[in-house]
Amino acid sequence: MIERLQDLLSVKGEKMRLAVVACQDEDVLEAVVESSRLGISEPVLIGSKRETEDIAERLNLDISGFEFIDETDISAAAEIGVRMVSEGKADFIMKGLVDTSILLKAVLNKDWGLRTDSLLSHVMVYDVETYHKLLYLTDGGMNLNPSLDEKKKIIDNSVTVAKAMGCLNVKVAALAAKEKVNPKMQATVDADELKKMSKAGLFGDDVIVEGPLALDLAVSKEAAKIKKIDNLVVGNADILLVPNIEMGNGIGKAITYLANGKSAGIIMGAKAPVVLVSRADDKDTKLFSIALGNMISRYTNKMA
């Protein structure tokens, strides 16, 4: 089981081929080169060769051994990258200097994209010193106000990520502002329904969903003791399922900027993982995200 993000960088195994769309980005290129050096990925660079080579020369990066597809048109680069994954020529894909909407439009193309019956959702993995293991936060990046059915798919996606990281018994906290079901608070109603689905085995025997739970109960056994709530998830959650994007974005930003947490980000629900991080994220976050995508690719290929 991967307990800290740094451990991802030393996992031994098969290199996965990574299609990097619009690779002419300094932090992305640095992370990609480092991931190759560490034996994590085999990059395929797609983008402006001139701009990329200028960056590599300026930063003293060796990209001479990488496959390179010279394409200055951003939309065309996104199509090339997605087609490579769709055709089995790459295992996963990464966003470079391209708008998220352009990349996801290619991912969802009905003819040659990576669309599935699932729902695309964002999973952030956080490593924060004040918590005893990794936290998987979903979805603070894509789905604005998911329905009950969408929340089920979001859980399924995040469970795949947790299992790829070696989590054998996945504990999910369906978050809300309070622990009691209130018909006027949809988050509490949905959390209770998800808990019932879990008890019925709809997430699998190795997944436990509890809710509604406030954030303090999900991560603090002391808070749970004070409130006299006891179950297998309180104080020990792996996955934090948020009811809307505002809560997810807020928790994530608080971990990053107030708790100095490390992170990795991935989009799930397509035929392959999509490494998608903010341009504001540093090189380490991008490197961790590549390593995360690699782990998921290995896991899903093994399970196929």
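**Student:** Any chance you could explain the pattern of salt bridges here in plain terms?
**Tutor:** Taken as a whole and assessed by the stated rule, the structure comprises 18 salt bridges. One salt bridge connects Lys-152 with Asp-156, and the closest N-O pair in it is separated by 3.1 Å. With Lys-152 and Asp-156 both in helix α5 (residues 148-164) and four residues apart, this pair spans about one turn of that helix. Here Asp-156 falls in the partly exposed class, since its relative accessible area comes to 30%. Among the ionic pairs, Asp-206 bridges to Lys-163, the shortest N-O distance being 3.0 Å. Residue Asp-206 is located in the loop between α6 (186-199) and β8 (207-213), and its partner Lys-163 is located in helix α5; the two are separated by 43 residues in the primary sequence. What makes Lys-163 partly exposed here is its relative accessible area of 22%. Salt bridges sharing partners connect three or more residues here, namely Arg-17, Glu-42 and Glu-67.

**Student:** Looking at this model, I keep getting lost on the layout of surface pockets. Mind explaining?
**Tutor:** Any empty space left between the atoms is revealed when a probe the size of a water molecule rolls over them. As a volume, the largest pocket reaches approximately 440 Å³. Every residue lining the largest pocket is counted, 22 residues in all, and those nearest its centre are His-122, Met-124, Asn-249, Lys-253 and Ser-278. Residue assignment for the lining of the largest pocket shows that the elements contributing at least two residues are α4 (100-107), β5 (121-127), α9 (245-257) and β10 (262-268). Of the residues assigned to the lining of the largest pocket, the class counts are 10 nonpolar, 10 polar and two charged. In this structure, the second largest pocket encloses a volume near 380 Å³. Taken together, 19 residues form the lining of the second largest pocket, with Asn-260, Gly-261, Lys-262, Ser-263 and Asp-282 sitting closest to its centre. Among the elements of the structure, α9, β10 and α10 (283-303) are those that each provide at least two residues to the lining of the second largest pocket.

**Student:** Which parts of the structure should I look at to understand the pairing of strand β7 (residues 170-175)?
**Tutor:** Each regular strand carries side chains that alternate between the two faces of the sheet. A large share of β7 lies buried, amounting to six of its six residues. The side-chain alternation of β7 yields two buried faces, one formed by Val-170, Val-172 and Ala-174 and the other by Lys-171, Ala-173 and Leu-175. Handedness of the crossover is the feature at issue here: the chain leaves β7, passes through α6, returns alongside β8, and the resulting connection is right-handed. Both β7 and strand β9 (residues 239-241) contribute to a ladder of three bridges, which runs parallel. Bridge pairing in β9 places Ala-173 opposite Leu-240.

**Student:** Hey, could you run me through the environment of Arg-17 in this one?
**Tutor:** Positionally, Arg-17 belongs in strand β1 (residues 16-21). For the pair Arg-17 and Ile-93, spaced 76 residues apart in sequence, the C-alpha separation works out to 8.5 Å. Engagement of the side chain of Arg-17 in a polar contact is seen with the side chain of Glu-42, the distance being 2.9 Å.

The rules behind the values
- Residues numbered from 1 in each chain as written.
- Predicted model: local features only at pLDDT ≥ 70, side-chain atom pairs only at ≥ 80, totals over all residues.
- Heavy atoms only, no water.
- Salt bridge = Lys/Arg side-chain N within 4 Å of Asp/Glu carboxyl O.
- Helix = DSSP H or I, 4+ residues; strand = E, 2+ residues; numbered from the N terminus.
- Buried < 20%, exposed > 50% of the residue type's maximum accessible area, 1.4 Å probe, protein only.
- 1 Å grid on protein atoms, 1.4 Å probe; cavity = no way out; pocket = protein on both sides within 12 Å on 5 of 7 lines; lining within 4 Å.
- Points joined across faces, edges and corners; volume = space filled by probe spheres on them.
- Nonpolar A, V, L, I, M, F, W, Y, C, P; charged D, E, K, R; others polar.
- Right-handed = clockwise from strand over helix to strand, strands pointing away.
- Pairing = 2+ DSSP bridges.
- Polar contact = N/O pair within 3.5 Å; in protein donor to acceptor, adjacent residues only side chain to side chain.

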